[in-house]
Amino acid sequence: MAVVTLERLSKRYEGASDLAVKEVSLAVKDGEFMVLLGPSGCGKSSVLRMIAGLESVSSGTVSIDGRVMNHVPAKDRDIAMVFQSYALYPHMTVRENLAFGLRRRAVAGAEIERRVHQVAAKLGLTPFLGRKPHALSGGQRQRVALGRAIVRNPRVFLFDEPLSNLDAALRATTRNELIKQQHELGTTTIYVTHDQVEAMTMGDRICIMNGGETVQIGSPLEVYRNPADTFVARFLGSPPMNLIEARLERSGDGFAVQSAGITVPISRVPPQRLAAHAGRPVTLGIRPEDLYERPPTELAGRSAQLPARILAVEPLGAETLLVLATKAGNEELIARIGRETLLRSGGEVMIVLDTAAIHLFDRDTGKAIAEPA
Amino acid sequence: MRLWLGYLRRTPLVAFLLLYTVVTGGPFLWVAAMSLRTTPEILDNPYALPIPAHWDNFIDAWTTSRYGVYFLNSLIVVVSAVLLVTLIGAMAAHCLSRYRFRANRLARMIILSGMILPPQLMILSLFQILLQFGLYNTLAGLSIAYVATQLAMTVYILEGFFAQLPQDLFDAARMDGYSDFEIFWRITLPIGLPAVFTTVVLNFIILWNEFLYAIVLITEDDKRTLPLGIMHFMGSHQLDVGMIATGLMISMSPIIVLYALFSETLIKGMTAGAVR
């Protein structure tokens with residue numbers, strides 16, 4: 001049980017001119033599952049390694065339960081970490097791998113044996129206790145790595161992309177297994193990944209990082225629905241949010257956005273926030289699932305039609321993706337529509353968009369213009 | 001026809017291997033044959049087969065010619081030197097491959113430069129140093145000199161292997177609470193065993209046959225190692241060829257046993273770096 005707090009945490013590697021991590025501040029609550037999400041090289045692993053004590057802190061602080069940990073050695077932080085490569089000791093059996101950390105901590109022999117067996121039973125590893133890592137499958141190795149962390153009963157779990165070496169099917173089951181274990185144990189967890197599906201499904205909250213900085217912190221749906229900038233908008237969601245060039249204009253009492261030859265009134269955002277951007281170029285964002293082939297009834301009164309050419313039709317079974325080009329401006333859009341479609345590539349369509357689902361971003365900074373109301 | 005062509009294509013290789021075997025194995029068999037004959041027999045006909053075989057040559061050599069003493073001296077010097085050089089070399093290799101510190105590259109260069117210098121160049125200064133420390137003409141002194149000469153190669157081989165071990169393993173052990181030395185002892189050393197083993201066998205072979213340092217640094221007969229003991233039979237006026245051959249066979253036997261038992265591990269350890 002622990003609260004992990006990062007305050008203006010920075011990291012500069014020896015010989016590097018740029019900061020790998022820039023003033024990251026983050027508070028992970030007791031028992032929370034926090035996901036650090038970002039593309040490779042965004043500094044998320046460096047943050048994790050600084051929390052673990054494997055990497056020195058250049059400036060700022062890492063504290064656990066209010067105690068500053070910057071100069072506490074890794075072994076005294078009471079943190080367990082699961083590595084991407086699993087890092088199982090190849091010359092030891094599964095039993096020895098699980099017991100290795102406990103033996104160092106002067107736990108009595110009988111107690112070690114009890115805890116190893118308990119964890120092995122929990123993770124279905126009992127039949128493999130006598131085997132060495134090279135005689136295990138990828139999934140089994142992953143479970144040993146997880147078991148090695150659990151058996152120590154630490155204050156904090158750190159995960160560094162633990163699922164990226166597994167195949168797709170195994171990844172999904174292991175993901176659920178991980179969530180289940182974390183809920184049962186209730187241990188504060190920090191999980192690093194570049195996979196947005198993992199982040200969305202596992203995290204209580206997500207911290208999105210880019211270029212060494214935190215971009216947005218929030219619950220998965222909050223971040224998905226109200227991305228703070230175009231980076232987050234594109235990074236979360238598959239296919240990503242469509243971003244097209246637009247202009248914001250005054251229209252009567254309110255505002256409207258002009259893009260791809262159509263004008264759409266903006267109702268979702270308070271007008272006082274829009275005033276500063278009136279008459280200026282903006283970026284319009286709309287998620288593929290907010291584009292429709294035919295307007296559903298609940299969209300009454302808040303739909304707009306956009307003429308587009310169909311570049312490709314990609315039936316995925318449960319749904320169909322349309323790759324479109326706007327007739328004015330020739331900008332590419334992806335729409336996620338129902339599976340029963342008669343549209344064919346090369347044709348034209350009046351694609352329907354949900355005007356309430358439109359996001360606006362400043363063209364220069366990429367920041368969202370409208371904070372959630 | 002195709003089969004015949006295949007044989008033809010392989011002929012040069014087979015011929016080369018045959019030649020190589022004759023060149024390397026021939027002298028060995030010749031010495032082995034001579035070791036079972038007496039010197040007058042050998043002088044009469046150097047290439048005859050050992051009929052009758054004088055197995056008691058070996059007992060003679062061991063008892064009357066003090067090969068027992070030389071063998072024991074060799075064993076003491078070489079085993080202690082190999083143990084020490086393996087331990088020190090492995091620790092140095094672990095540090096050089098695992099830790100980022102200021103003088104890392106400089107330290108590596110200084111250690112590895114030991115491989116460049118020919119042993120003849122160092123022998124005089126080594127002699128002086130051992131004399132000053134009262135280690136001249138002692139088994140300990142020779143052993144220490146051996147450690148120094150073999151350290152560079154040992155570090156070179158081990159560092160290459162240790163550097164390939166994934167960093168995550170060491171991070172995991174640190175998280176598990178182990179100190180730097182424990183990580184070396186419980187992670188690096190056991191996982192690096194094939195490479196460690198290679199250096200042990202190589203060093204053993206090289207030092208077991210070492211002659212130059214031994215003859216300069218040891219003068220008393222009681223402290224001679226096997227290569228010196230064999231030379232003992234090469235007087236300025238007479239040459240006891242039979243005893244020399246017997247001595248050579250005794251001297252070679254540990255190496256042959258060692259190689260026969262561990263040749264596979266040795267080859268694995270030496271090629272591990274190249275393949276991966």
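Structure shown above.
Residues numbered from 1 in each chain as written. Chains lettered and ligands numbered in written order. Predicted model: local features only at pLDDT ≥ 70, side-chain atom pairs only at ≥ 80, totals over all residues.

**Re the overall build of chain A**
Each helix and strand in chain A was counted, giving nine helices and 20 strands. Principal-axis analysis of the C-alpha atoms places the extent of chain A at approximately 75 × 45 × 40 Å. Burial analysis of chain A (373 residues in total) assigns 39% to the buried set. Across chain A, every contact between residues at least 6 apart in sequence was considered, and the portion connecting residues at least 24 apart equals 65%. (Helix = DSSP H or I, 4+ residues; strand = E, 2+ residues; numbered from the N terminus. Buried ≥ 20, exposed ≤ 12 C-beta atoms within 10 Å, placed from the backbone. Contact = placed C-beta atoms within 7 Å.)

**Description of helix H6 (residues 119-132) of chain B**
Every α-helix winds through 3.6 residues per turn, so residues three or four apart in the chain are directed the same way. All names here are of chain B. The end-to-end C-alpha distance of H6, which contains 14 residues, comes to 20 Å, matching closely the 20 Å that a straight helix rising 1.5 Å per residue would cover. Approximately 30° is the largest bend angle found in H6, and it occurs at Ser-125. Gly-134 occupies a position one or two residues after H6 and carries a positive phi of about 70°. (Expected span 1.5 Å × (residues − 1). Bend = angle between axes of the 7 residues up to and from the residue.)

**Things to note about the interface of chain A and chain B**
Of the residues lining the interface, 17 residues belong to chain A; the matching set on chain B comes to 13 residues. Secondary structure elements with two or more residues in the side of chain A that touches chain B: strand S6 (79-82) and helix H2 (94-104) of chain A. Of the residues that constitute the side of chain A that touches chain B, the class distribution is 11 nonpolar, three polar and three charged. (Nonpolar A, V, L, I, M, F, W, Y, C, P; charged D, E, K, R; others polar.)

**Structural notes on the sheet that holds strand S17 (residues 320-326) of chain A**
All names here are of chain A. The antiparallel open sheet is built from five strands, whose spatial order is S15-S19-S16-S17-S18. Looking at strand neighbours, the two that pair on one side only are strand S15 (291-292) and strand S18 (332-337), the edges of this open sheet. Alignment of strand S16 (residues 303-315) against S17, held across seven bridges, turns out to be antiparallel. The partner of Glu-314 across the bridge, within S17, is Leu-321. (Pairing = 2+ DSSP bridges.)

**As for the packing of helix H4 (residues 138-150) of chain A against helix H5 (residues 168-185) of chain A**
Residue and element names in this part refer to chain A. Where H4 meets H5, the closest approach of the two axes is 11 Å, and the angle between their N-to-C directions is 15°. The angle between the axes of H4 and H5 places the two elements in the roughly parallel class. The crossing of H4 and H5 is right-handed. In contact with Gly-138, Gly-139, Gln-142 and Ile-150 of H4, H5 contributes Leu-170, Thr-174, Gln-181 and Leu-185. The class makeup of the residues in the contact of H4 with H5 is three nonpolar, five polar and no charged. (Axes fitted to C-alpha atoms, helices over the stretch in contact; angles between N-to-C directions. Parallel < 35°, antiparallel > 145°, perpendicular 65-115°, else oblique. Left-handed = near helix turned anticlockwise from the far one by under 90°.)

**Quick notes on the nonpolar core**
Within the largest apolar cluster, 109 residues are counted, with the highest numbers of intra-cluster contacts made by A:Leu158 and A:Ile190. Once residues lying within four places of it in the same chain are set aside, the contact partners of A:Ile190 are A:Val4, A:Val28, A:Met34, A:Leu36, A:Leu48, A:Ile51, A:Val156 and A:Leu158. Counting residues in hydrophobic clusters, the runner-up holds 35 residues, among them B:Leu126, B:Ala152, B:Tyr213 and B:Ile218. (Core = buried A, V, L, I, M, F, W, Y, C linked by C-beta atoms within 7 Å.)

**Section: helix H7 (residues 139-162) of chain B**
Residues and elements named next belong to chain B. For H7, which comprises 24 residues, the first-to-last C-alpha distance of 32 Å matches the rise-based estimate of 34 Å (1.5 Å per residue) to within 8%. The sharpest bend along H7 measures roughly 40° and falls at Gln-150. Most of H7 sits out of view: 19 of its 24 residues are buried.

**Concerning the pairing of strand S11 (residues 242-251) of chain A**
Residue and element names in this part refer to chain A. By the bridge criterion, six bridges tie S11 to strand S14 (residues 281-286) in an arrangement that is antiparallel. Each bridged residue has a counterpart across the sheet, and for Ala-246 the counterpart in S14 is Val-282. In the sheet, S11 pairs with strand S12 (residues 254-259) via five bridges, with the strands oriented antiparallel. Within the sheet, the bridge partner assigned to Arg-250 lies in S12 and is Phe-255. Linking S11 to S12, which pair antiparallel, is a turn of two residues; within it Gly-252 sits at a positive phi near 65°.

**Notes on the sheet that holds strand S2 (residues 21-28) of chain A**
Residue and element names in this part refer to chain A. Across the sheet, four strands lie side by side as S2-S1-S4-S5; this open sheet has antiparallel pairing. Looking along the sheet, the strands with just one partner apiece sit at the ends: S2 and strand S5 (67-68). Here strand S1 (residues 4-11) runs beside S2; their pairing, made up of five bridges, is antiparallel. Following the sheet pairing, Leu-6 is matched in S2 by Leu-26. Packed on one face of the sheet, helix H1 (residues 44-52) meets S1, S2 and strand S4 (59-64) and runs near 120° to S1.

**Digging into the pairing of strand S7 (residues 156-160) of chain A**
Residues and elements named next belong to chain A. Within S7, five of the five residues are buried, leaving the element largely enclosed by the surrounding structure. Of the two faces of S7, the one carrying Val-156, Leu-158 and Asp-160 and the one carrying Phe-157 and Phe-159 are both buried. Direction of pairing for S6 relative to S7: parallel, over a ladder of four bridges. Across the sheet, residue Val-82 finds its bridge partner in S7, namely Phe-159. In the sheet, S7 pairs with strand S8 (residues 188-193) via five bridges, with the strands oriented parallel. Pairing of Val-156 across the sheet is with Thr-188, part of S8. Running through H5, the crossover from S7 to the neighbouring parallel element S8 is right-handed. (Right-handed = clockwise from strand over helix to strand, strands pointing away.)

**Quick look at unusual backbone geometry**
Going from A:Ser238 to A:Pro239, the amide bond is cis rather than trans, its omega being -5°. Tracing the sequence through the fold places A:Pro239 in the loop between helix H8 (230-235) and S11. That bond from B:Ile51 to B:Pro52 is cis: its omega, -5°, falls within 30 degrees of zero. Turning to its location among the elements, B:Pro52 is positioned in the loop between helix H2 (39-44) and helix H3 (56-63). Not every positive phi belongs to a glycine, and A:Arg8 is a case in point at roughly 45°.

**Overview of the environment of B:Ser80**
Locating B:Ser80 in the fold gives a position in helix H4 (residues 67-98). For B:Ser80, a count of 17 C-beta atoms within 10 Å puts it in the partly exposed group.

**Re the environment of B:Leu248**
Residue and element names in this part refer to chain B. One can find Leu-248 in helix H13 (residues 241-275). The partly exposed category is assigned to Leu-248, around which 18 C-beta atoms lie within 10 Å. Leu-248 sits 179 residues away from Val-69 along the chain, and the two C-alpha atoms are 15 Å apart. The residues contacting Leu-248, other than those within four sequence positions of it, are Val-31 and Ile-230.

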